[in-house]
Amino acid sequence: MRRITDVRLPAPLGSETKRPHWIGLNDEGRIVEIQPQIAGETCPGSSWHGDWLSPRSVDLQINGGLGLAFPELSAADLPRLIALLELLWADGVEAIAPTLVTCGIAPLRQALAVLHQARLQHQPGRCRLLGAHLEGPFLAEARRGAHPIEHLATPSLEALEQRIRGFESEIALVTLAPELAGADVLISALRQRNITVALGHSAAKAEQAGQAFEQGVGMLTHAFNAMPGLHHRAPGPLGEACRRGDIALGLIADGVHVAPTMAVLLQRLAPEQVVLVSDALAPYGLADGEHRWDERVLLVQNGTCRLEDGTLAGVTLPQLEGVKRLAAWSGAAGAAIWGATVAPRRVIGTAGALNDALLGQQLTNLLRWSQREGELHWGCAA
């Protein structure tokens, strides 16, 4: 068995140990053992000098890339979709929940069918497609953000069935506004299908959010954005989620959607709940400038996407850029890494802890992180 020594493992803020670990690899380069090193004892092996080891990231909110918007997918887009999945792997992402923002019923169902075909073509060295994330259409009109008003829908089982019938097993996450009349019925129906439900684009007060959490809502979609903020007399969904301690908090760590100070405060307030997402849009992987988004114009500057009226719409930054930025703001690299690599796996139930995500994995599929001159860098672990 080959050993790698002096390895740090990412963990939530306040939980990371400074004690180094050693990693045992079999002849195939797979991790078969992870153990803490005993202080003062010499541990044979190849030293990583305190670098971090992590799985690749999982992005639960990404809307497209290379000019493709997931809600607009057609069969002719399969080659470009495959190219996008290869780009994501190169950018350190192991899997995504392709996010379908509010759109018409026919385009939504067509996109789900194309994503199904792409899943069947998965190969090693390519980002994996999880179930889709339906961000809408059951959203609060006043908090819709960049979602087109003409495609918003009133929550009902009939409206849900029109959209997902036949694709139920291929949907991982649905974002809705739980305060809308009829939303409670949808939450129950989705949970019965083992689909995670998130609160987002919502005007819910703390009490309404609390009721939704009791009904099975388990996440906030892009915390702070498109929802009431934290206020000392009106804690809103975010305050209620932090009070409970068991609700995942999606966070766009670009420094624009949420100010760096607020991102760090959220991480300190709810260290085990923060899940870093990219919220990348179709121009991801393309240059800044003017791009199309359905019939609208999308203006991209320094990785930030806005509609022509100034509405903040998303980003074109890679998910791991958010890790680097949060690490720089907080000074807690291990916690930032954990938020993009382990925390999302807990949401979708593929790993409850770091060891679950590492044991049995080949080193070539994992990431090595190092800090040089105060900046975090990553690369293939092998």
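Residues numbered from 1 in each chain as written. Predicted model: local features only at pLDDT ≥ 70, side-chain atom pairs only at ≥ 80, totals over all residues. Heavy atoms only, no water.

## Focus on the overall build of the protein chain
Step number 1: Scanning the protein chain from terminus to terminus reveals 11 helices and 22 strands.
Step number 2: For 382 residues, the compact-globule formula gives about 21 Å, and the C-alpha radius of gyration of the protein chain, at 21 Å, lands near that figure.
Step number 3: If one aligns the C-alpha atoms of the protein chain with their principal axes, the spans along those axes are about 65 × 50 × 40 Å.
Step number 4: Looking at the protein chain alone, contacts between residues at least 24 apart form 68% of all its contacts between residues at least 6 apart.
Step number 5: By element, 48% of the accessible surface of the protein chain is carried by carbon and sulfur atoms, the whole surface being about 15,800 Å².
Step number 6: Once the 32 positive and 39 negative side-chain charges of the protein chain are each reduced to a mean point, those two points are 3 Å apart. (Helix = DSSP H or I, 4+ residues; strand = E, 2+ residues; numbered from the N terminus. Rg over C-alpha atoms; globule rule 2.2 N^0.38 Å. Contact = heavy atoms within 4.5 Å. Areas by Shrake-Rupley, 256 points an atom, 1.4 Å probe, with all protein chains shown as cover. Lys, Arg positive; Asp, Glu negative; His and termini not counted. Charge placed at Lys NZ, Arg CZ, Asp CG, Glu CD.)

## Some remarks on the packing of aromatic side chains
Step number 1: One pass over the full model with this rule turns up zero aromatic pairs.
Step number 2: Taking the ring centre of Trp22 as reference, the NZ or CZ of Arg3 above it sits at 3.7 Å.
Step number 3: The ring centre of Trp52 lies 3.8 Å from the NZ or CZ of Arg8, which sits over that ring. (Phe/Tyr/Trp six-rings, centres within 6.5 Å; stacked < 30°, edge-to-face > 60°. Lys NZ or Arg CZ within 6 Å of the ring centre and 35° of its normal.)

## So, the packing of helix α7 (residues 260–269) against helix α8 (residues 319–330)
Packed helix pairs are specified by the crossing angle of their axes together with the interaxial distance, meaning the distance between the axes.
Step number 1: It is the contact of α7 with α8, at a shortest axis distance of 10 Å, that shows an interaxial angle of 85°. If you check the angle between α7 and α8, you find them roughly perpendicular. Two secondary-structure elements touch here, α7 through Pro260, Ala263, Val264 and Gln267 and α8 through Leu326, Trp329 and Ser330.
Step number 2: For the contact of α7 with α8, the per-class residue count stands at five nonpolar, two polar and no charged. (Axes fitted to C-alpha atoms, helices over the stretch in contact; angles between N-to-C directions. Parallel < 35°, antiparallel > 145°, perpendicular 65-115°, else oblique. Nonpolar A, V, L, I, M, F, W, Y, C, P; charged D, E, K, R; others polar.)

## Comments concerning the layout of surface pockets
Step number 1: Quantified by volume, the largest pocket comes out at close to 320 Å³.
Step number 2: As for the largest pocket, its lining consists of 21 residues, and the residues nearest its centre are Pro148, His151, Asp294, Glu295 and Arg296. (1 Å grid on protein atoms, 1.4 Å probe; cavity = no way out; pocket = protein on both sides within 12 Å on 5 of 7 lines; lining within 4 Å. Points joined across faces, edges and corners; volume = space filled by probe spheres on them.)

## Section: the pattern of salt bridges
Step number 1: Summed over all chains, the structure comprises 16 salt bridges.
Step number 2: We note a salt bridge from Glu94 to Arg128, for which the minimum N-O separation is 3.7 Å. Taken together, the positions of Glu94 in strand β9 (residues 93–101) and Arg128 in strand β10 (residues 128–129) put the pair 34 residues apart, joining distant regions of the chain.
Step number 3: In this structure Arg128 comes out as partly exposed when scored by relative accessible area, which is 34%.
Step number 4: Each of Glu94, Arg128 and Arg345 takes part in salt bridges that share partners, so that together they form one network. (Salt bridge = Lys/Arg side-chain N within 4 Å of Asp/Glu carboxyl O. Buried < 20%, exposed > 50% of the residue type's maximum accessible area, 1.4 Å probe, protein only.)

## Describing the sheet that holds strand β2 (residues 21–25)
Step number 1: Spatially, β3-β2-β1-β4 is the arrangement adopted by the four strands of the open sheet, whose pairing is mixed. Looking along the sheet, the strands with just one partner apiece sit at the ends: β3 (31–36) and β4 (46–47). (Pairing = 2+ DSSP bridges.)

## Quick look at the sheet that holds strand β22 (residues 375–380)
Step number 1: Spatial strand order, β5-β21-β22: three strands in an open sheet with antiparallel pairing. Edge positions in the open sheet fall to β5 (52–54) and β22, since each of these has one partner strand only. Neighbouring strand axes in the sheet, compared pairwise and without regard to direction, differ in orientation by 30° on average.
Step number 2: Pairing of strand β21 (residues 367–372) with β22 involves six bridges; the strand directions are antiparallel. Among the inter-strand pairings, Arg372 is bridged to a residue of β22, identified as Glu375.

Functional significance is not addressed by these values, which are geometric in nature.
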